[in-house]
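# Results of the structural survey
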Amino acid sequence: MEEFFSKLVELFSTPEYIDSLWHGFLLTLEIAFFAILIGFLLGTIIALVDTAKPSAWLAVPKFICRIYVTIIRGTPMALQLFIMFFVIFAIRGFPQIVTAILAFGFNSAAYTAEIIRGGILSVDKGQTEAGLALGLPRMVIFKKIVAPQAIKNIIPALGNEVITVIKETAIVSMVGMYDLNMAAKDIGSGQNMSSYVVPMFTAALFYLAVVYLISFIIKRVEKGLRKSDLRAES
Amino acid sequence: MISVRNLKKNFGSNKVLRGIDFTLKDGEKVIVLGPSGSGKSTFLRCINRIEEPTTGEIYLDDTLITDKNIEKIRQDIGMVFQHFNLINNLTVMKNLTLAPVILKLMSEEEAEKKAKGLLRHIGLLDKVDAFPASLSGGQKQRVAIIRAMMMEPKVLLFDEPTSALDPESIGDVLALIHELADEGMTIMIVTHEMNFAKEVGTRIVFIDEGKIIEEGTPIEFFEHPKTPRVKEFLKKVL
């Protein structure tokens, strides 16, 4: 126990260690943030194409979207990361962070697309029919009727996906990137520190803090969106 | 007002409508009867193309509506659904005013004034800011009916408007439809309410296996049915 505390003190009193953890943490956040952004934008597009009313000119895009989602969800994230690093972006000098962001972003897009698709499909068909019967154009029906109801169903699952991406970015250490996970391992194996316990638990706390903060925000948003439910009134 | 020629509708290999010819005149109140699965709801839903006909022609007045953009035409054809289909994320007021305002049929103030008038008329003015989830089935359906009326349609289609209601609210909803009928509204209604059919209908249309097999005035239909199929049907439901 005494040794644990002495290591703890050592970690927090060595600027070099703090610096490593902090930089690792920032890299983790950076990759996660942009990956989530790409995942959300691309995922939304895929979901919209997927749920659009079938028509001749959408047949090919719809097919491509299905294939994309199937491949991404059917292969390991770590393998996708390797393919991005060692096959697609195996270009000398190409910024690693961009490759990592794209790898996680493209991966997250497939899951986000499924979440959004599920949310849209969970809105009762009668809601769309009511809009059609009133003579509203499909775009208006989507914007004013379907999307607001779908969002309520989507937010909790989307929150999960955000959390998953943040934690999953830890595997960039497998391609040698210095993220929070890698920083913890690096410090732990350092000559002075020579203990994994303290840096790893410290890194865990960093992840936990971010995830906790995001869960908290999601809960708040959910509550706000539940205005039109009976549940909110009782 | 509406004429339908050789309307057919397939769901995959399932032939739901097998050639329907039908005319609806101004001011008529047509009751569509038939066993479940006979295609009567599908028939109604094809008229405003919520369900896309497989083949056939539908005219509203003199306009062929099966070959063009239907959105504008739907404004003239009101529809009331079995499950009410009030927009869950909008208040009662917004449910009533959304379409007329977005489609620029009236200004927001005009729409709200009209909506309040109609709500007062059905005794639900106090629900103006309520969300649909807090209304009873009967209340929802009456709001759905005045939502259709907001558009000042030429004809109102009712797809089993009381089938999802408890017995107590069925009366309220039927009374409102009855009132609209008395005011001269052209109405087509798919229902299982035989008494209502006799009372309000000016014509009964009986559909079985995707075809109209008998039609006539309520007296002809209920008291002197011609086909064995209708005789059998009436024996079971009356």
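Above this text sits the structure in question.
Presented here is an overview of the structure given in this document. Along each chain, numbering runs from 1 in the same order as the chain's sequence is written. Naming scheme: in the order in which they are written, chains are lettered from A and ligands are numbered from 1. Given that this is a predicted model, residues contribute local features only at a pLDDT of at least 70 and side-chain atom pairs are listed and counted only at 80 or more, while totals for whole chains, interfaces and linings are drawn from all residues. Only hydrogens and water are removed before side-chain values are computed, so all heavy atoms of the structure are retained for them.

### Considerations on the overall build of chain A
- Runs of E in the DSSP output that reach at least two residues are strands. Runs of H or I that reach at least four are helices, and both are numbered from the N terminus. In terms of regular secondary structure, chain A is built from ten helices and zero strands.
- Start at the N end of chain A and walk to the C end: the helices and strands fall as α-α-α-α-α-α-α-α-α-α.
- Atoms counted for the radius of gyration: C-alpha only. Globule rule: 2.2 Å times the number of residues to the power 0.38. Taken over the C-alpha trace, chain A has a radius of gyration of 22 Å; the compact-globule value for 234 residues is 17 Å, which it surpasses by more than 25%.
- Structurally, chain A occupies a C-alpha span of about 75 × 50 × 25 Å along its principal axes.

### Concerning the layout of surface pockets
- Lining residues are defined by having an atom within 4 Å of a point belonging to a cavity or pocket. Those points lie on a 1 Å grid over the protein atoms alone, cavities being sets where a 1.4 Å probe fits but cannot get out and pockets being open sets with protein on both sides within 12 Å along at least five of seven lines. Grid points are joined across faces, edges and corners, and a volume is the space filled by probe spheres set on the points. Computed from the structure, the largest pocket encloses a volume of approximately 1,200 Å³.
- Lining the largest pocket are 30 residues, and of these Thr51, Ala52, Lys53, Thr128 and Arg138 of chain A lie nearest its centre.
- Taken together, the elements giving at least two residues each to the lining of the largest pocket come down to α2 (15-51), α5 (96-121), α6 (125-133) and α7 (138-168) of chain A together with α2 (71-74) of chain B.
- When residues in the lining of the largest pocket are grouped by element, the largest group, five residues, is from α7 of chain A.
- Broken down by class, the residue content of the lining of the largest pocket amounts to 14 nonpolar, three polar and 13 charged.
- Its volume calculated, the second largest pocket comes out at about 420 Å³.
- Forming the walls of the second largest pocket are 19 residues, and the residues nearest its centre are Ile36, Leu158, Val162, Ile214 and Ile218 of chain A.
- Looking at the lining of the second largest pocket, the elements with two or more residues in it are α2, α5, α7 and α9 (197-225) of chain A.
- Polar here means any residue other than Ala, Val, Leu, Ile, Met, Phe, Trp, Tyr, Cys and Pro, which are nonpolar, and Asp, Glu, Lys and Arg, which are charged; Gly is therefore polar. Tallied by class, residues from the lining of the second largest pocket come to 15 nonpolar, three polar and one charged.

### Quick word on helix α3 (residues 59-74) of chain A
Residues and elements named next belong to chain A.
- With 16 residues, α3 should cover 22 Å at 1.5 Å per step; its first-to-last C-alpha distance of 22 Å lies within 8% of that length.
- In this scheme, a residue with accessible area under 20% of its type's maximum is buried, one over 50% is exposed, and one in between is partly exposed, where area comes from a 1.4 Å probe on protein chains only. Every buried residue belonging to α3 is among Lys62, Cys65, Val69 and Ile72, and all of these are buried. Taken end-on, α3 shows its buried residues confined to a sector of 105 degrees, consistent with a single buried face. In α3, the exposed residues that point more than 90 degrees away from the buried face are Val60, Phe63, Ile64, Thr70, Ile71 and Gly74.
- Summarising the contacts, the buried residues of α3 are in contact with α2, α4 (77-88) and α5. Each residue after the first adds 1.5 Å to the expected span of a helix. The directions considered for the arc run from the helix axis to the C-beta atoms. For this analysis, residues touch if any pair of their heavy atoms sits within 4.5 Å.

### Structural notes on the sheet that holds strand β1 (residues 2-11) of chain B
Residue and element names in this part refer to chain B.
- Here, a strand pair is defined by DSSP locating no fewer than two bridges between the strands. Taken together, four strands build an open sheet; the order of strands is β2-β1-β4-β5 and the sheet is antiparallel. Each end of this open sheet is capped by a strand with a single partner; those strands are β2 (14-24) and β5 (63-64).
- Alignment of β1 against strand β4 (residues 55-60), held across five bridges, turns out to be antiparallel. The residue bridging Ser3 from the neighbouring strand is Tyr59, located in β4.
- Angles shown run from 0 to 180 degrees and are taken between the N-to-C directions of axes, each axis being a line fitted to C-alpha atoms and, for helices, limited to the stretch in contact. Relative to the sheet, helix α1 (residues 40-47) contacts β1, β2 and β4, its axis offset from that of β1 by approximately 120 degrees.

### Topic: the interface of chain A and chain B
- Counting residues at the interface gives 21 residues for chain A, matched by 23 residues for chain B.
- In this assembly, chain A packs against chain B so that about 2,000 Å² is buried in total across both faces, 63% of it on carbon and sulfur atoms.
- Only one rule defines a salt bridge in this text: a Lys or Arg side-chain nitrogen within 4 Å of an Asp or Glu carboxyl oxygen. For the interface between chain A and chain B, the tally reads one salt bridge.
- Here Arg45 of chain B and Glu129 of chain A are joined by a salt bridge, their closest N and O atoms 2.7 Å apart.
- Two N or O atoms form a polar contact when they lie within 3.5 Å of each other; inside protein one atom must be a possible hydrogen donor and the other a possible acceptor, and for residues adjacent in sequence the pair counts only when both atoms belong to side chains. Summed over the shared surface of chain A and chain B, the result is seven residue pairs in polar contact (both at pLDDT 80 or more).
- Counting residues per element, the ones that place at least two in the side of chain A that touches chain B are α6, α7 and α10 (230-233) of chain A.
- Of the residues belonging to the side of chain A that touches chain B, the class tally is ten nonpolar, five polar and six charged. Two parts placed together each lose some accessible area; with a 1.4 Å probe, that loss summed over both constitutes the buried area.

### A word on the nonpolar core
- Residues belong to a common nonpolar core when they are buried Ala, Val, Leu, Ile, Met, Phe, Trp, Tyr or Cys residues joined through side-chain atoms within 4.5 Å. Counting residues in hydrophobic clusters, the biggest one holds 53 residues, and the most contacted among them are Leu136 of chain A together with Ile2, Phe22, Phe43 and Met188 of chain B.
- If you tally residues by element for this core, the top one is α7 of chain A, at seven residues.
- Every residue in contact with Phe22 of chain B, bar those within four places of it in the chain, is listed here: Ile2, Ser3, Val4, Val30, Phe43, Met188, Arg203, Val205 and Ile212 of chain B.
- Membership of the second largest hydrophobic core comes to 48 residues, among which are Ala148, Met150, Leu174 and Leu234 of chain B.

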